[in-house]
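# Fold and contact review
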Amino acid sequence: MDTTKTTTSTTQQFLIIALIVLLLACIALFSLDKDTNSFNDLLKPGNLFVLVLYFTPDLLN
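Below is a short write-up of the structure. Fair warning: this is a prediction, and the values are worked out from it, not measured in the lab.

### With respect to the overall build of the protein
A tally of helices and strands in the protein yields three helices and zero strands. N-terminal to C-terminal, the α/β element order of the protein is α-α-α. Per-residue burial over the protein gives 15% buried out of 61 residues. As displayed, the protein offers around 5600 Å² of accessible surface, 65% of which is attributable to carbon and sulfur atoms.

### Some words on a nonpolar patch on the surface
Residues L29, F49, V50, L53 and Y54 make up a contiguous nonpolar surface patch of roughly 490 Å² in combined accessible area. Top element by residues in the nonpolar patch is helix α3 (residues 45-60). It accounts for four residues. Within the secondary structure, Y54 sits in helix α3.

### What to know about helix α1 (residues 11-31)
Taking 1.5 Å per residue, 21 residues should reach 30 Å; α1 reaches 30 Å between its end C-alpha atoms and fits that length. Looking only at α1, the buried set comprises A18, C26 and F30. The buried residues of α1 occupy an angular sector of 75 degrees when projected down its axis, which confines them to one face. Along α1, the residues that are exposed and aim more than 90 degrees away from the buried face are I17, L24 and S31.

### Considering the environment of C26
Topologically, C26 is positioned in helix α1. The class for C26 is buried, based on a relative accessible area of 13%. Spatially, the C-alpha atom of C26 lies 9.9 Å from that of V50, the residues being 24 residues apart in sequence.

Thresholds, definitions, all that
Residues numbered from 1 in each chain as written. Predicted model: local features only at pLDDT ≥ 70, side-chain atom pairs only at ≥ 80, totals over all residues. Heavy atoms only, no water. Helix = DSSP H or I, 4+ residues; strand = E, 2+ residues; numbered from the N terminus. Buried < 20%, exposed > 50% of the residue type's maximum accessible area, 1.4 Å probe, protein only. Areas by Shrake-Rupley, 256 points an atom, 1.4 Å probe, with all protein chains shown as cover. Patch = residues over 30% accessible without salt bridge, like charges linked within 9 Å, V, L, I, M, F, W, Y side chains within 5 Å. Salt bridge = Lys/Arg side-chain N within 4 Å of Asp/Glu carboxyl O. Expected span 1.5 Å × (residues − 1). Arc of directions from axis to C-beta.

The structure is reproduced here in structure tokens:
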């Protein structure tokens, strides 16, 4: 009988994946924004707050 070895994700792997998803979501969402002209516009407090609102449900799933 064959045995299959499964690995569990570590916290570090989870955080790396979460940060990659956050970065891709940030780029995708803010590229659609008409008022975003530079990278510095992405780092405004209002934009970062909304990004957290978008990202939290994905993180909890």
